[in-house]
Amino acid sequence: MMGLEPKSHFAGRVQPQADYRVTLDGRDLSRLIAPNLISLSLSESRAEEADTLDIVLDDSKNTFDIPKRGAAIKVAIGWVGEPLVDKGTFTVDEVEHSGAPDIITIRARSASMTEAMHERREQSWHAATIGAIVRAIASRHSLKPAIGAALEQIAIAHVDQTHESDMAFLTRLAKRYDAVMNVKDLNLLFMPIGTGKTASGKALAVLPITRASGDQHRYHIAQRESYAAVRAHYHSNSKGKRKSVIVGGENNRNVKVLPEDYATEAEARAAAQAEFARTQRSQSTLDYTLALGRAEIFPELPVTVSGFKPEIDETPWLVKKATHTINDGGFTSALELEVRDDPTTARHRTHFRKGGQ
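Here's a quick rundown of the structure. Everything quoted here is computed from the prediction, not taken from an experiment.

Examining the overall build of the protein chain
Working step 1: Looking only at helices and strands, the protein chain has six helices and 25 strands in total.
Working step 2: Counting every position in the protein chain, which comprises 357 residues, the buried fraction comes to 46%.
Working step 3: Counting only contacts in the protein chain whose residues sit at least 6 apart along the sequence, the fraction spanning at least 24 positions is 64%.
Working step 4: Only carbon and sulfur atoms are counted for the fraction: they give 51% of the accessible area of the protein chain, which is about 18,100 Å².

Encoded structure:
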């Protein structure tokens with residue numbers, strides 16, 4: 001573990017020191033890195049993007065060897081005097097040496113997001129559950145599946161993986177069912193968005209954040225995604241007639257129509273529900289930078305905020321992305337938040353109905 005030296009004092013009190021531990025292929029490099037660290041940035045997403053780690057080092061004294069692509073970096077971050085938060089293992093993907101002055105930039109992506117998962121393949125899945133599909137792909141890449149109970153037994157009549165990588169296919173499937181799909185530390189995660197639970201099923205405590213905790217924010221409301229309802233089409237097995245389901249409001253105005261036709265009514269409804277939930281979450285967003293970074297924050301963590309406008313404070317939020325940065329300015333955490341579907345409010349209540357073409 002190695003902390004960055006404090007840069008200033010407030011009323012005679014020393015600022016907290018950022019702390020970190022970095023190992024490369026099992027070798028702890030923290031003390032070697034400390035006097036040469038320009039920045040360490042860790043970006044955690046819940047989407048199909050891999051988590052990324054960027055380390056920028058001063059190499060003006062020719063201190064460092066260039067790490068090999070594929071090398072394993074483990075990183076933990078936090079504050080001096082507190083337990084560090086383990087952020088997992090990353091694989092070196094890109095390295096750049098530039099100058100003068102000489103600088104080494106290392107970019108690593110979350111381990112197990114392997115090249116094999118990005119190789120295109122052909123496969124058809126018949127009468128399979130989401131659980132069976134995710135487990136089969138996880139096994140193919142020696143990953144441990146973590147599947148949300150609400151998704152595990154959902155049956156899919158037929159879906160083709162045509163000239164599509166396992167990563168792209170699972171991403172598409174996750175979007176259809178409004179799920180989180182990601183690979184973290186040899187785990188293949190496939191969980192409903194905003195469930196407020198860990199992969200092991202433990203409930204996540206809602207994190208309160210105050211206006212005083214941050215130094216930058218941006219609240220944004222977008223009307224372009226403000227659909228009253230979403231329609232999805234499917235074909236009846238008996239007569240092959242094209243039918244549809246609608247999720248959302250009771251009027252036919254401002255309805256978003258999904259371009260894909262689904263095999264069953266259940267699949268069409270699931271896709272419409274997922275898209276409707278996504279449009280509701282994206283109507284309001286809040287970007288917020290914590291002046292004192294909090295390494296324990298990660299995507300899918302439920303959040304409440306206070307000290308802003310009433311509309312912002314009253315909104316239940318969900319972490320979509322967290323970027324933790326350590327540099328000579330200290331340790332900050334930049335958060336991208338979107339609306340969380342809070343069951344205690346009626347704002348996101350949805351309605352189902354069938355309809356013709």
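That was the structure; now back to the text.
Things to note about the side chain of aspartate 178
Working step 1: Within the secondary structure layout, aspartate 178 lies in the loop between helix H4 (166–176) and strand S14 (179–184).
Working step 2: In contact with aspartate 178, not counting residues within four places along its chain, are Pro192, Ile193, Ala274, Ala277, Arg278 and Arg281.

Side note on the environment of leucine 189
Working step 1: Along the polypeptide, leucine 189 turns up in strand S15 (residues 187–192).
Working step 2: Sequence separation of leucine 189 and isoleucine 147 is 42 residues, and the distance between their C-alpha atoms is 6.2 Å.

What to know about the sheet that holds strand S12 (residues 144–147)
Working step 1: Pairing within the open sheet is mixed, and its three strands lie in the order S12-S15-S14. Looking at which strands have only one partner, the edges of the open sheet turn out to be S12 and S14. Ignoring strand direction, the axes of neighbouring strands in this sheet form an average angle of 10°.
Working step 2: Across six bridges, S14 lies against S15 in antiparallel orientation. Within the sheet, the bridge partner assigned to alanine 179 lies in S15 and is proline 192.
Working step 3: Strands S12 and S15 of the sheet are contacted by helix H2 (residues 130–140), whose axis makes an angle of about 155° with S12.
Working step 4: Of the strands in this sheet, S14 and S15 are in contact with H4, which crosses S14 at around 150°.

Here is what the cut-offs are and how they apply
Residues numbered from 1 in each chain as written. Predicted model: local features only at pLDDT ≥ 70, side-chain atom pairs only at ≥ 80, totals over all residues. Heavy atoms only, no water. Helix = DSSP H or I, 4+ residues; strand = E, 2+ residues; numbered from the N terminus. Buried < 20%, exposed > 50% of the residue type's maximum accessible area, 1.4 Å probe, protein only. Contact = heavy atoms within 4.5 Å. Areas by Shrake-Rupley, 256 points an atom, 1.4 Å probe, with all protein chains shown as cover. Pairing = 2+ DSSP bridges. Axes fitted to C-alpha atoms, helices over the stretch in contact; angles between N-to-C directions.

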